[in-house]
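Chain by chain, the residues:
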Amino acid sequence: MTLRRLSIIAASLLVPALILGYLVATGERGLSSGRPLSPFPPRDVPTSRLDPERARALGWSSDGLDRVLDYASRLSADSFILMTDGQIVASLGDLTVPYSVHSARKAFLSAVVGQHVGGGPDEIPLGATLADLGIDDDPGPLTPLQRQATVLHLLKSMSGINHPAAAEGGLTAEKERRLGTGENEPGTIWAYNNWDYNALTTIFERRTGLSVAEAFRDGVAGPVGMQDFTLASVSYSTAPDLSRHRAAMFRISARDFARFGQLFLDRGVVDGRAVMPASWVHRITADYAETGIEGLRAGHGYLWWVPSRDTGLPEGSFFAWGLGQQTVFVIPAWNTVIVHQSDTSEFLKRWLALQREGVDGDAALERIVLDCRTEAGLSSAFCREHRFTSPREFDRLISLIADARG
């Protein structure tokens with residue numbers, strides 16, 4: 001493989017983190033504010049929904065579902081599922097096509113860790129420290145205090161370790177704002193921290209002797225009946241000049257994503273068999289950290305996000321989230337799973353092209369978003385099909401779903 005090819009691959013893995021860092025740091029600079037509904041026309045994308053009577057029996061307003069699907073068709077969503085009591089109430093797009101889930105991958109890592117928690121030789125001891133497990137890093141070793149962080153601290157994003165990480169990019173500034181550049185007592189500060197998640201990946205694979213892909217295939221994909229997942233659905237992002245710990249990246253289809261959410265909705269039980277400890281599912285909403293971020297990402301626990309009540313979602317809800325609004329929501333109060341995915345490949349190609357032209361990363365993102373809000377952009381194929389769906393647009397979609405709930 002040529003050096004140029006390797007450079008392109010490395011850049012494509014780094015871009016999502018750079019963009020996420022931009023959004024966290026700037027709050028989108030107001031680019032999506034001002035309009036409650038999308039200015040884009042509906043796209044020609046297949047949709048389906050239950051008939052009004054059956055939808056009402058499951059707690060959904062027929063008119064509300066129409067508004068949800070209409071709005072989703074105006075975004076760059078490639079797949080969408082709203083599923084209640086195991087029935088698909090409404091959907092959009094081809095549900096069989098796998099897409100990169102970006103940072104939503106961390107919920108998959110949490111799942112396989114939860115299946116292997118314990119004190120045995122092939123299990124994951126939550127109370128063990130990095131020192132106990134022989135975990136360090138290079139270049140740049142951890143300090144003795146940092147090596148006192150436990151597996152549980154990694155799962156709760158509270159190691160306090162500010163160390164470079166693979167697949168991190170622009171997240172560095174936000175992490176340093178929270179953690180500073182020195183040492184922190186483990187367990188005292190929450191920060192969204194790819195180092196924690198990548199080190200957890202190393203710990204999992206060393207302790208169990210399984211790759212994340214093998215563990216997910218055998219422990220999750222097989223038992224829940226995923227149809228599109230293979231070992232090739234998982235790849236690794238590496239940055240050996242920053243850290244020895246790798247990031248395990250996933251691609252998954254909407255129908256398989258929904259099955260994953262259903263596993264958590266059913267508290268780890270599949271066909272009467274416990275696939276995952278119910279106590280692990282319970283931890284997500286019982287033992288999360290407050291993030292200081294308003295709205296959907298108000299809490300974070302065991303690599304899932306916990307929304308605040310002002311989002312319209314009921315208490316006990318939680319979700320996995322990644323760049324481009326790759327999400328699966330688990331809403332026990334409604335017995336509902338929601339999946340939203342977008343193919344980010346065309347967007348990332350355009351962003352990389354601007355980078356090659358010498359445009360700064362933040363400026364490139366802003367240019368793409370602003371160009372899609374011009375009169376020409378509103379009707380362009382790229383903006384209608386592939387633009388970046390902003391957090392504010394996604395918040396509006398969630399609000400419409402909440403309004404559609406009977």
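How each quantity is defined
Residues numbered from 1 in each chain as written. Predicted model: local features only at pLDDT ≥ 70, side-chain atom pairs only at ≥ 80, totals over all residues. Heavy atoms only, no water. Buried < 20%, exposed > 50% of the residue type's maximum accessible area, 1.4 Å probe, protein only. Helix = DSSP H or I, 4+ residues; strand = E, 2+ residues; numbered from the N terminus. Pairing = 2+ DSSP bridges. Disulfide = S-S within 2.5 Å. Salt bridge = Lys/Arg side-chain N within 4 Å of Asp/Glu carboxyl O. Axes fitted to C-alpha atoms, helices over the stretch in contact; angles between N-to-C directions. Parallel < 35°, antiparallel > 145°, perpendicular 65-115°, else oblique. Contact = heavy atoms within 4.5 Å. Left-handed = near helix turned anticlockwise from the far one by under 90°. Nonpolar A, V, L, I, M, F, W, Y, C, P; charged D, E, K, R; others polar. pLDDT = per-residue confidence, 0-100. Arc of directions from axis to C-beta. Polar contact = N/O pair within 3.5 Å; in protein donor to acceptor, adjacent residues only side chain to side chain. Phe/Tyr/Trp six-rings, centres within 6.5 Å; stacked < 30°, edge-to-face > 60°.

> Let's hear about the pairing of strand S14 (residues 336–341): which residues, and what values?
Most of S14 is tucked away, with 6 of its 6 residues classed as buried. Both faces of S14 are covered, namely the face carrying Thr336, Ile338 and His340 and the face carrying Val337, Val339 and Gln341. In terms of strand pairing, strand S2 (residues 79–84) meets S14 through 6 bridges, oriented antiparallel. The residue bridging Ile81 from the neighbouring strand is Val339, located in S14. Two elements, strand S13 (residues 326–331) and S14, share 5 bridges in a ladder whose sense is antiparallel. If you follow Val328 over to S14, its bridge partner there is Val339.

> Which residues make up the state of the cysteines, and what values go with them?
Applying the stated rule across the entire model yields 1 disulfide. Disulfide pairing places Cys372 opposite Cys383 at an S-S distance of 2.0 Å. Linking Cys372 and Cys383, the disulfide has an S-S dihedral of approximately -80 degrees and is accordingly described as left-handed. Separated by 11 residues along the polypeptide, Cys372 in the loop between helix H12 (361–371) and helix H13 (375–379) and Cys383 in helix H14 (residues 381–385) bring together distant segments of the chain. Overall, the relative accessible area of 4% leaves Cys383 in the buried class.

> Lay out unusual backbone geometry with the relevant residues and their values.
Each neighbour pair has its own omega, and for Asp138 with Pro139 the value is -5 degrees, a cis peptide bond. Examined against the element boundaries, Pro139 turns out to sit in the loop between helix H4 (105–115) and helix H5 (151–155). The phi torsion at His102 lies on the positive side, around 50 degrees, for a residue other than glycine. Here His102 is to be found in the loop between strand S4 (99–100) and H4.

> Can you explain the pattern of salt bridges? Please cite residues and give values.
Summed over the entire model, instances satisfying the criterion amount to 15 salt bridges. Linking Asp66 and Arg49 is a salt bridge whose minimum nitrogen-to-oxygen distance equals 2.6 Å. Of this pair, Asp66 sits in helix H3 (residues 62–74) while Arg49 sits in strand S1 (residues 47–49), placing them 17 residues apart in sequence. A residue is classified by how much of its surface remains accessible, and Arg49, at 25% relative accessible area, is partly exposed. Across the pair Asp218 and Arg217 runs a salt bridge, and its minimum N-O distance is 2.8 Å. Here the salt bridges do not stand alone but share partners, grouping Glu174, Arg177 and Arg178 into one network.

> Which residues make up the packing of helix H8 (residues 212–224) against helix H9 (residues 254–265), and what values do they have?
One can describe the packing of H8 onto H9 by two numbers: an axis separation of 9 Å at closest approach and a directional angle of 90 degrees. In this view, H8 runs roughly perpendicular relative to H9, as classed from their interaxial angle. Here Phe216, Val220 and Val224 of H8 come into contact with H9, specifically with Arg259, Phe260 and Leu263.

> Residues and numbers for the packing of H4 against helix H7 (residues 194–208), please.
One way to put it is that H4 packs onto H7 with a least axis distance of 11 Å and a crossing angle of 35 degrees. Here the hand of the crossing between H4 and H7 comes out left-handed. For the pair H4 and H7, the contacting residues are Arg105, Lys106, Leu109, Val112 and Val113 in the first and Asn194, Tyr197, Asn198, Leu200, Thr201 and Phe204 in the second. For the contact of H4 with H7, the class distribution of residues is 6 nonpolar, 3 polar and 2 charged.

> Account for the confidence of the model for the chain, naming residues and giving values.
Per-residue confidence for the chain averages 90 on the pLDDT scale, and 90% of its residues sit at or above 70. Ignoring residues within four places in sequence, the model shows residues 1–15, a span with pLDDT below 50, making 10 contacts including any to other chains. Counting contacts from residues 20–36, a segment whose pLDDT is below 50, to residues more than four positions away or on other chains yields 35 contacts.

> Which residues make up the pairing of strand S5 (residues 234–239), and what values do they have?
Inspection of the sheet shows S5 paired to strand S6 (residues 243–252) by 5 bridges, in the antiparallel sense. Residue pairing in the sheet places Ala239 in a bridge with Ser243 of S6. Between S5 and S6, which pair antiparallel one after the other, the connecting turn spans 3 residues.

> Which residues make up the sheet that holds S5, and what are the values?
Strand order across the open sheet formed by 3 strands is S4-S6-S5, with antiparallel pairing between neighbours. One side of each edge strand has no neighbouring strand; the edge strands of this open sheet are S4 and S5. Taken together, the 2 bridges between S4 and S6 define a ladder with antiparallel strand orientation. From the neighbouring strand, Ser100 faces S6, where its bridge partner is Arg251.

> Account for H12, with residues named and values stated.
Residues of H12 that are buried: Gly361, Ala364, Leu365, Ile368 and Val369. Along H12, the residues classed as buried sweep out an arc of 125 degrees about the axis, all on the same side.

> An account of the side chain of Ser103 is needed here, citing residue identities and associated values.
Within the secondary structure, Ser103 sits in the loop between S4 and H4. In terms of polar contacts, Ser103 uses its side chain to reach the side chain of Tyr192, at 3.2 Å.

> An account of helix H10 (residues 278–286) is needed here, citing residue identities and associated values.
Regarding H10, the residues found buried are Trp280, Val281 and Ile284. Buried residues of H10, viewed axially, fall in a sector of 100 degrees; they line one side. Each element contacted by the buried residues of H10 is listed here: H4, H5, H9, strand S10 (299–301), strand S11 (304–306) and strand S12 (318–322).

> Quick rundown of the packing of aromatic side chains? Include the residues and the values.
Inspection of every chain in the model, using the stated rule, returns 20 aromatic pairs. Plain terms: the ring middles of Trp190 and Trp305 are 6.1 Å apart, the flat faces sit at 70 degrees to each other, and that makes the pair edge-to-face. With Trp190 in the loop between helix H6 (171–179) and H7 and Trp305 in strand S11, this pair connects stretches of sequence that are 115 residues apart. Assessed through its relative accessible area of 7%, Trp190 is described here as buried.

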